[in-house]
Amino acid sequence: MIAGVGNSSVTHPLPTPFPNPPLAPEPNMQKRLLSQIARIKASLNYTDVIGHDLGIIAASNSVEHLIPEPTVSVELGETGNRVRIDFNKYGHDGVWIECRINSGDWVFLAIDTVKPYFDERPLATGNTHETREYRLRWWDKSVAHGEWSAVQQVLMVP
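Read on for a plain summary of the structure. Predicted, not measured: the structure shown is a model, and the values here were computed from it.

Summed over the entire model, instances satisfying the criterion amount to 3 aromatic pairs. On the basis of an interplanar angle of 90 degrees and a centroid distance of 6.4 Å, the ring pair of Tyr90 and Trp138 is categorised as edge-to-face. You can see Tyr90 sitting in the loop between β2 (80-86) and β3 (94-101) and its partner Trp138 sitting in strand β6 (residues 130-140), a full 48 residues away along the chain. Look at Tyr90 and you get partly exposed, because its relative accessible area is 33%.

Here we take up the side chain of His65. Within the secondary structure layout, His65 lies in the loop between α2 (48-54) and β1 (71-77). Classification of His65 by relative accessible area gives buried; the value is 17%. Ignoring anything within four residues of it in the chain, the contact list for His65 reads Tyr90, His92 and Trp138.

Tallied over the entire structure, the rule returns 9 salt bridges. Across the pair Glu98 and Arg135 runs a salt bridge whose closest N-O atoms are separated by 2.8 Å. Separated by 37 residues along the polypeptide, Glu98 in strand β3 and Arg135 in strand β6 bring together distant segments of the chain. Of the residues examined, Glu98 reaches a relative accessible area of 12% and is grouped as buried. Each of Glu75, Arg82, Arg84, Asp86 and Glu120 takes part in salt bridges that share partners, so that together they form one network.

Thresholds, definitions, all that
Residues numbered from 1 in each chain as written. Predicted model: local features only at pLDDT ≥ 70, side-chain atom pairs only at ≥ 80, totals over all residues. Heavy atoms only, no water. Phe/Tyr/Trp six-rings, centres within 6.5 Å; stacked < 30°, edge-to-face > 60°. Helix = DSSP H or I, 4+ residues; strand = E, 2+ residues; numbered from the N terminus. Buried < 20%, exposed > 50% of the residue type's maximum accessible area, 1.4 Å probe, protein only. Contact = heavy atoms within 4.5 Å. Salt bridge = Lys/Arg side-chain N within 4 Å of Asp/Glu carboxyl O.

Following this line, the structure appears as structure tokens:
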């Protein structure tokens, strides 16, 4: 007879019966976790180093943003086409926006502290197409400062 073939009896381990199923988690887990974090931060031995190690204090954004990085697009507004300018403030109060049309002179357009900004000016007389260019600078404490962003360009058509 070949080993392992025939009338060999193999015994398998029996499943382990658990006397009591595990308890379901209590509701309000987030509230309990935030309370625990508050208790840790209130401890006399707590430091920012400990907070970073535990993940209680997030790592700060160490990238310095010297210029705004706008995104410019054309969309349909309530009164026709409009230009939408999206930007991140990165801790600044807002942005100073300038525009030029068909390679003309740069003119002040707006100071914006809430994104996005919408340029809803109508097309020039004659209702022809326009090439609009935009550039932004940081605006903090009533002063425009820093380098200009890269020029963003859109084509406005009737």
